[in-house]
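If you want the building blocks of each chain, they are given just below.
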Amino acid sequence: MSVFDLSSRTVLVTGATSGIGYETARQLAERGATVLLHGRTAEDAQAAIDKLIATAGVNAAQLCGFAADFTHLEEVEAMARRVVAEHPHLDVLVNNAGMAAPERHTLTADGNEIAFQVNFLAHYLLTCLLETALTSEPGGRVVNVSSSLHRTASIQWSDPHRARRYSRLAAYAQSQLALTVFAADPRVTAVSVHPGVCETDLLSLYAISGASAAEGAGHVVRLCDPAVEIVNGAYYDRDQRVDPAPAATEDRTVKRLTKLADQLVGHNA
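Owing to the predicted nature of the structure, the values given are computational and were not obtained by experimental measurement. Counting from 1, residues in each chain are numbered in the order their sequence is written. For this predicted model, a pLDDT threshold of at least 70 governs which residues receive local features, and a threshold of 80 or more governs which side-chain atom pairs are given and counted, while totals over whole chains, interfaces and linings are taken from all residues. Think of the side-chain values as coming from all heavy atoms in the structure, minus any hydrogens and water.

Look at Arg162: it is not a glycine, yet its phi comes out positive at around 55 degrees. For Arg238, which is not glycine, the phi torsion reads 55 degrees and is therefore positive. To qualify as a helix, a DSSP run of H or I must reach at least 4 residues; to qualify as a strand, a run of E must reach at least 2; elements of each kind are numbered from the N terminus. Mapped onto the fold, Arg238 is located in the loop between strand 7 (235-237) and strand 8 (240-242). Relative accessible area decides the class of each residue, using a 1.4 Å probe on protein chains only: under 20% of the type maximum gives buried, over 50% gives exposed, and in between gives partly exposed. Take Arg238: its relative accessible area is 40%, and that puts it in the partly exposed class.

Moving on, we get to the packing of helix 1 (residues 19-30) against helix 7 (residues 213-222). For the pair helix 1 and helix 7, interaxial distance at closest approach is 8 Å and the crossing angle is 60 degrees. Taken together, the axes of helix 1 and helix 7 lie oblique to each other. When the axes of helix 1 and helix 7 are compared, the crossing they make is right-handed. Residues Gly19, Ile20, Glu23, Thr24, Arg26, Gln27 and Leu28 of helix 1 lie in contact with helix 7, whose contacting residues are Ala213, Ala214, Gly216, Ala217, Gly218, Val220 and Val221. When the residues that make up the contact of helix 1 with helix 7 are grouped by side-chain class, the tally is seven nonpolar, five polar and two charged. Interaxial angles span 0 to 180 degrees and are taken between N-to-C directions of axes, which are lines fitted to C-alpha atoms, for helices over the stretch in contact. Just so you know how the angles are binned, under 35 degrees is roughly parallel, over 145 roughly antiparallel, 65 to 115 roughly perpendicular, and the rest oblique. Handedness of a helix crossing follows the sense of rotation of the near helix relative to the far helix, less than a right angle counterclockwise being left-handed and clockwise being right-handed. Between two residues, a contact is recorded if the distance between any of their heavy atoms is within 4.5 Å. Charged residues are taken to be Asp, Glu, Lys and Arg, nonpolar residues to be Ala, Val, Leu, Ile, Met, Phe, Trp, Tyr, Cys and Pro, and polar residues to be all remaining types, Gly included.

Laid out in structure tokens, this is it:
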């Protein structure tokens, strides 16, 4: 992959303290970008920054930590306010933070199924709140780190929290389908990418072995490059643009998901 210069770009990466998120932050910073690293806690974010400075030789001035526990939507709102105040212009938002759905059905304090909230609703809310920063100049974009498992999913419109019938794989897949559908939202130019099966905390959902997190991150970073032209709603399997699940491109589904998400996050778009 050619190395491109991103020294004029500001990128926020969610879930940047480990796995693909950390490697994405590292590769962006090494190419000169100003990287805003999100972690669940301020300590997690700072530890990732310290590691980048110590091991990757990144200039501390390029890095800034942000904290929000995505199981609490008010923390997402507070983080978004701080990002907009400190970085009124944002070139790229990488919606990467994710979790495997737990074995047992679990609701957050906000009343949402936990994987649906952490993997999708928190990113939906964050993206909506950062819309002004992402569209302050032409070319702002969102990269949703999704999964090929979105193809196995259906969104349970009448029971999105899966209170009636819960399966951790179905809950995880639903969150990934929602994230992939959300890329077609017309408010901000966005794409979604399946970075491949990688050696991360989510590996247990897929297989016994995978590619390195750095390799997966490379596919995410490529889509952050302004030289790579993107089409709103496009879906990539690693570096190849392919068709997502049919539901992800249906205008009706996009509108229905926006309505549901607005209700669940208490946000009036």
